Amino acid sequence: MKQFEGRVAVITGGASGFGKEFAKLGAGLGMKLVLADVQQDALDATVAEFRAQGTPAIGVRTDVSRAEQVQALADAAMAEFGTVNLLFNNAGVGAGGLVWENSLKDWDWVLGVNLYGVIHGVRIFTPLMLEAAARDPGYEGHIVNTASMAGLLNAPAMGVYNVSKHGVVALSESLYQDLSLVSEQIRCSVLCPYFVPTGIHQSHRNRPADLANEAPPTRSQLVSQAMSDKAVTSGKVSAADVARLTFEAIREEQFYIYSHPHALGPVQQRFEDVVGQRNPGDPFTGKPDVRAGLVAALRG
């Protein structure tokens, strides 16, 4: 996708983190914005901010885990602007702990947002984009699904999150292959960021009441939360940096997008383990103190 001015971008999780930075760059390139977020006050403020700058923008409160709400988002985008060129399936939440300690509500919440949110976006928006391409030979479209390095690795005490993001990577790779069979006008990418200060470590602030756990967090969940807080807030690469990398990748039709390419060593090691039929390697190789601290914290 080479042309952005006058085109329409739909962004889930658009009121904070990566989503807001995608919107800023899109607005700077002359795009029209359809922003979706589950947090109404932040969404309203963000839309008002862009409108004040002269950017055509609408906001649609959307819980991406709900298919009917993603459909309503698509309907609103089409009603307002008549087309969609760039889709960011970006909304995400975080949770951790030992994998057997995650409740059914934990799984429903994390998979609902992180995986089903992307599934709904792909299922609902891709046909609209294909229809636009069939009508207009000059149409360009691109879909960006936000996964994570956790979609390529399996860090301990992050199982529910890992599963959700592995699903996004698999879905995105499948989408890439399927699109190549039917159209030259629509491309896709998968974004796999490492630790970036986006606020995802505090995503429980928007957890629906009907998916809240009645039991208090387990020791492993508290440890995982503390680790996530530290890792996310200490990240040196900003959400704005990642947004710039993402738009460059869209221009170049690059599929895999990494915020920290130097962190791919463990990914290579994982796939070598898979191909070599070796047991999964120690994710803390070279950092035995981290592993020792985690073991001590979990065993009390």
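Everything that follows concerns the structure shown earlier in this document.
Right, let's walk through the structure included here. (Residues numbered from 1 in each chain as written. Predicted model: local features only at pLDDT ≥ 70, side-chain atom pairs only at ≥ 80, totals over all residues. Heavy atoms only, no water.)

Some points on the overall build of the chain
In terms of helices and strands, the chain carries nine helices and seven strands. Here the C-alpha radius of gyration of the chain, 19 Å, is about what a compact globule of 300 residues would show, namely 19 Å. Reported as C-alpha extents along the three principal axes, the dimensions of the chain are approximately 60 × 45 × 30 Å. In the chain, which comprises 300 residues, the proportion classed as buried is 46%. Within the chain, residue pairs in contact and separated by at least 24 positions form 74% of the contacts whose partners lie at least 6 positions apart. When the accessible area of the chain is evaluated, it comes to approximately 14200 Å², of which 55% is carbon and sulfur surface. Here the chain contributes 25 positively and 30 negatively charged side chains, and the mean placements of these two sets differ by 4 Å. (Helix = DSSP H or I, 4+ residues; strand = E, 2+ residues; numbered from the N terminus. Rg over C-alpha atoms; globule rule 2.2 N^0.38 Å. Buried < 20%, exposed > 50% of the residue type's maximum accessible area, 1.4 Å probe, protein only. Contact = heavy atoms within 4.5 Å. Areas by Shrake-Rupley, 256 points an atom, 1.4 Å probe, with all protein chains shown as cover. Lys, Arg positive; Asp, Glu negative; His and termini not counted. Charge placed at Lys NZ, Arg CZ, Asp CG, Glu CD.)

A word on the packing of helix 1 (residues 17-28) against helix 7 (residues 239-252)
Helix 7 packs onto helix 1 with a crossing angle of 55° between their chain directions and a minimal axis gap of 8 Å. The angle between helix 1 and helix 7 places the two elements in the oblique class. Here helix 1 and helix 7 pass one another in a crossing that is right-handed. Taken together, the residues of helix 7 that come into contact with helix 1 (itself represented by G17, F18, E21, F22, L25 and G26) are A239, A240, V242, A243, R244, T246 and F247. Counted by class, the contact of helix 1 with helix 7 contains eight nonpolar, three polar and two charged residues. (Axes fitted to C-alpha atoms, helices over the stretch in contact; angles between N-to-C directions. Parallel < 35°, antiparallel > 145°, perpendicular 65-115°, else oblique. Left-handed = near helix turned anticlockwise from the far one by under 90°. Nonpolar A, V, L, I, M, F, W, Y, C, P; charged D, E, K, R; others polar.)

Quick notes on the nonpolar core
Counting residues in each nonpolar core, the largest one holds 46 residues, and the members touching the most others are V10, V34, L73, F125 and C192. For this core, the secondary-structure elements that each account for two or more residues are strand 1 (8-12), strand 2 (32-37), strand 3 (57-61), helix 3 (67-81), helix 4 (104-135), helix 5 (159-182) and strand 6 (186-192). Top contributing element to this core by residue count: helix 4, with 11 residues. When neighbours within four sequence positions are excluded, V10 is seen to be in contact with V34, L73, A77, V84, L86, L87, F88 and F125. I11, L86, L191 and A239 belong to the second largest nonpolar core, which has 28 residues in total. (Core = buried A, V, L, I, M, F, W, Y, C linked by side-chain atoms within 4.5 Å.)

Here we look at a nonpolar patch on the surface
A cluster of nonpolar residues, F271, V274 and V275, forms a patch on the protein surface that exposes about 310 Å² of accessible area. Tracing the sequence through the fold places V274 in helix 8 (residues 265-275). V274 gets classed as exposed once you look at its relative accessible area, which sits at 51%. (Patch = residues over 30% accessible without salt bridge, like charges linked within 9 Å, V, L, I, M, F, W, Y side chains within 5 Å. Salt bridge = Lys/Arg side-chain N within 4 Å of Asp/Glu carboxyl O.)

Some words on the environment of L33
With respect to the helices, strands and loops of the structure, L33 is situated in strand 2. Distance in space between the C-alpha atoms of L33 and R207 is 25 Å, their sequence separation being 174 residues. Ignoring anything within four residues of it in the chain, the contact list for L33 reads A9, A23, A27, F50, T55, P56, A57, I58 and F81.

Some remarks on the pairing of strand 4 (residues 86-89)
Both faces of strand 4 are covered, namely the face carrying L86 and F88 and the face carrying L87 and N89. Sheet analysis places strand 1 next to strand 4, joined by three bridges and oriented parallel. Residue pairing across strands places A9 opposite L86, the latter belonging to strand 4. Inspection of the sheet shows strand 4 paired to strand 5 (residues 141-146) by four bridges, in the parallel sense. The residue bridging N89 from the neighbouring strand is N145, located in strand 5. Tracing the backbone out of strand 4, into helix 4 and back to the parallel element strand 5 gives a crossover that is right-handed. (Pairing = 2+ DSSP bridges. Right-handed = clockwise from strand over helix to strand, strands pointing away.)

Some words on the packing of aromatic side chains
Tallying each qualifying case throughout the model produces eight aromatic pairs. Pairing F4 with F247 gives two aromatic rings, centres 5.6 Å apart and planes at 50°, and the pair type is tilted. Placement of F4 in the segment before strand 1 and of F247 in helix 7 is noted, with a sequence separation of 243 residues between them. The buried category is assigned to F247, whose relative accessible area is 2%. Ring plane angle 45° and centroid distance 4.9 Å describe the contact between Y194 and F195, whose orientation is recorded as tilted. Judged by relative accessible area, Y194 falls into the partly exposed class, the value being 38%. The structure contains a cluster of three or more aromatic residues connected by ring pairs, namely F4, F18, F22, F88 and F247. Directly above the ring of F271 sits R270, whose terminal nitrogen or CZ lies 5.1 Å from the centroid. (Phe/Tyr/Trp six-rings, centres within 6.5 Å; stacked < 30°, edge-to-face > 60°. Lys NZ or Arg CZ within 6 Å of the ring centre and 35° of its normal.)

Some remarks on the sheet that holds strand 4
Strand order in this open sheet of seven strands is 3-2-1-4-5-6-7, and the pairing throughout is parallel. Only two strands of the sheet have a single neighbouring strand rather than two, namely strand 3 and strand 7 (256-258). The mean angle between the axes of side-by-side strands here comes to 15°, regardless of whether they run parallel or antiparallel. When strand 6 meets strand 7, the two strands line up parallel, connected through three bridges.

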